[in-house]
Amino acid sequence: MSKKRFFMILLVILLITILTLLFSYNKREVQEVIENNYKNDDNLIKNYAKNDQIEYLSESTGQYLYYLLLVKDEKEFKQQVDSLKNNFIIKKSDGTYIKWTTSNQTTTNASVDDFRIIEVLKKGGKYFQEPEYLTLANELEETLDSKQLTDGLIVDFYDWELQKKATTVHLSYINDQIIKENAMVDPADYQKLLAGSTNSQNPFFKEIYTVDKHSYLSADKNTVNMIDQFMIAIQYLKFMNQVPPEFDQWVKQEWDTNGKLFGGYVKSTLTPAVPYESSAVYALAYLYFKQANEEEYAEQLYAMILTQPSFEKKPDYSKIHFFDYIWIETANAIYKTTDKTQ
């Protein structure tokens, strides 16, 4: 072998090693931020990286598990499942429940968190070949079906002490992955639910359905929260296999005109209801456009993601809600794993 060829091979090996190390560092960077800023000594995730008004929510654990599965971090995934079981899981004679918060007074779950946790436990159980995750997911799903299934829809929550369930379905709670795989549920019922939430006179969705009165409600009479709107829009896309026409047209026009999206809007005027933007809104907007195969808009929203506070040189995590942080990093991970492998 010539000396030149030897050095070329050595250079290639060196480059591969550097890229591998860089990829490993980037992959672990989010976990290190969470370890240093959002975790407590029991591996619970704070809602804010500060020491006052702290809440520990099943929402945060579920969102982090979803991220960890994306980046295939088996060790941290197991640690968070253990934290879930130790702090949120309630086993009763009639079912297995997830408390929506760690408070000792909590006696209810939240279907949005249950759906996400069931989804990641099922996927994680298969990917990491861990039957225990699948067993827990099945127990949770069976409890949802037996306690919360009403007229074909899984309602928002169940109180295991009062033995009472909600009469509402928040459309932003829907999870197509779990609903479509659930033999007890007909996806067509959810298609009807989502189709009925739209109005040709206004781009925004009605957010709540009442199963007892068979009617829709607005979360707020005058304004909408864009996190909820994008969550519903994503589910609409997945169930209906098409964009919600009025919403899609309005979002594109708002983005094309102003180059930004605010956290909320006034229904009657379609103008911003709040002065602030939201990292979670931009992450969800990116995921919406990805789902809609609108690559040009998805790229523009990804560029906006990279300008958010958590990507600053020295982020102040005490001012960044975990919900915003993990949604941004989830969108970032999806971008890196899908866009860059095509």
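Residues numbered from 1 in each chain as written. Predicted model: local features only at pLDDT ≥ 70, side-chain atom pairs only at ≥ 80, totals over all residues. Heavy atoms only, no water.

## A short note on the overall build of the chain
Scanning the chain from N- to C-terminus turns up 12 helices and 11 strands. For the chain, whose C-alpha radius of gyration is 22 Å, the value lies close to the compact-globule estimate of 20 Å for 342 residues. Considering only C-alpha atoms, the chain reaches an extent of 80 × 55 × 40 Å along its principal axes. Within the chain, one finds 37 positive and 48 negative side-chain charges whose respective centroids are separated by 5 Å. (Helix = DSSP H or I, 4+ residues; strand = E, 2+ residues; numbered from the N terminus. Rg over C-alpha atoms; globule rule 2.2 N^0.38 Å. Lys, Arg positive; Asp, Glu negative; His and termini not counted. Charge placed at Lys NZ, Arg CZ, Asp CG, Glu CD.)

## Let's talk about the nonpolar core
The nonpolar side chains of soluble globular proteins are, as a tendency, buried together. Formed by 95 residues in total, the largest nonpolar core has its most connected members in Y38 and F230. With residues up to four places along the chain from it excluded, the contact list for Y38 reads V33, L44, I45, K46, Y48, A49, Y317, I320, H321, F322 and Y325. (Core = buried A, V, L, I, M, F, W, Y, C linked by side-chain atoms within 4.5 Å. Buried < 20%, exposed > 50% of the residue type's maximum accessible area, 1.4 Å probe, protein only. Contact = heavy atoms within 4.5 Å.)

## A look at the sheet that holds strand β9 (residues 215-217)
In any sheet, the strands associate via hydrogen bonds between backbone groups, in a parallel or an antiparallel arrangement. Read across the sheet, 3 strands follow the order β7-β8-β9 without closing on themselves; strand pairing throughout is antiparallel. Looking along the sheet, the strands with just one partner apiece sit at the ends: β7 (168-170) and β9. Across the sheet, the mean angle from the axis of one strand to that of its neighbour is 25°, orientation sign disregarded. (Pairing = 2+ DSSP bridges. Axes fitted to C-alpha atoms, helices over the stretch in contact; angles between N-to-C directions.)

## Overview of the pattern of salt bridges
Applying the stated criterion across every chain yields a total of 18 salt bridges. In this structure, the salt-bridge partner of K260 is E277, at a minimum N-O distance of 4.0 Å. Of this pair, K260 sits in the loop between α9 (245-258) and β11 (264-266) while E277 sits in the loop between β11 and α10 (279-291), and the two are 17 residues apart along the sequence. The partner of K290 in a salt bridge is E295, and the shortest N-O contact between them spans 3.5 Å. Judged by its relative accessible area of 15%, K290 falls in the buried class. (Salt bridge = Lys/Arg side-chain N within 4 Å of Asp/Glu carboxyl O.)

## Some words on the packing of aromatic side chains
Scanning all chains against the criterion turns up 28 aromatic pairs. Ring centres 5.4 Å apart and planes at 80° place the aromatic pair F230 and F247 in the edge-to-face group. With F230 in helix α8 (residues 226-240) and F247 in helix α9, this residue pair connects regions lying 17 residues apart in the sequence. Judged by relative accessible area, F247 falls into the buried class, the value being 1%. With a centroid separation of 5.1 Å and 20° between ring planes, the pair formed by F289 and Y297 is classed as stacked. An identical accessibility class is assigned to F289 and Y297; each is buried. Connected via pairs of aromatic rings, a cluster forms that spans F204, F205, F230, Y236, F247, W250, F262, Y265, Y288, F289 and Y297. The positively charged end of K180 is found above the aromatic ring belonging to F239, 5.1 Å away from the centroid. (Phe/Tyr/Trp six-rings, centres within 6.5 Å; stacked < 30°, edge-to-face > 60°. Lys NZ or Arg CZ within 6 Å of the ring centre and 35° of its normal.)

## Remarks on unusual backbone geometry
Of note, the phi angle at Q129 is positive, near 55°, even though the residue is not glycine. On the secondary structure map, Q129 appears in the loop between α4 (111-127) and α5 (131-148). At N241, a position not held by glycine, the phi torsion is positive, near 60°. On the basis of relative accessibility, which here comes to 69%, the residue N241 falls in the exposed class.

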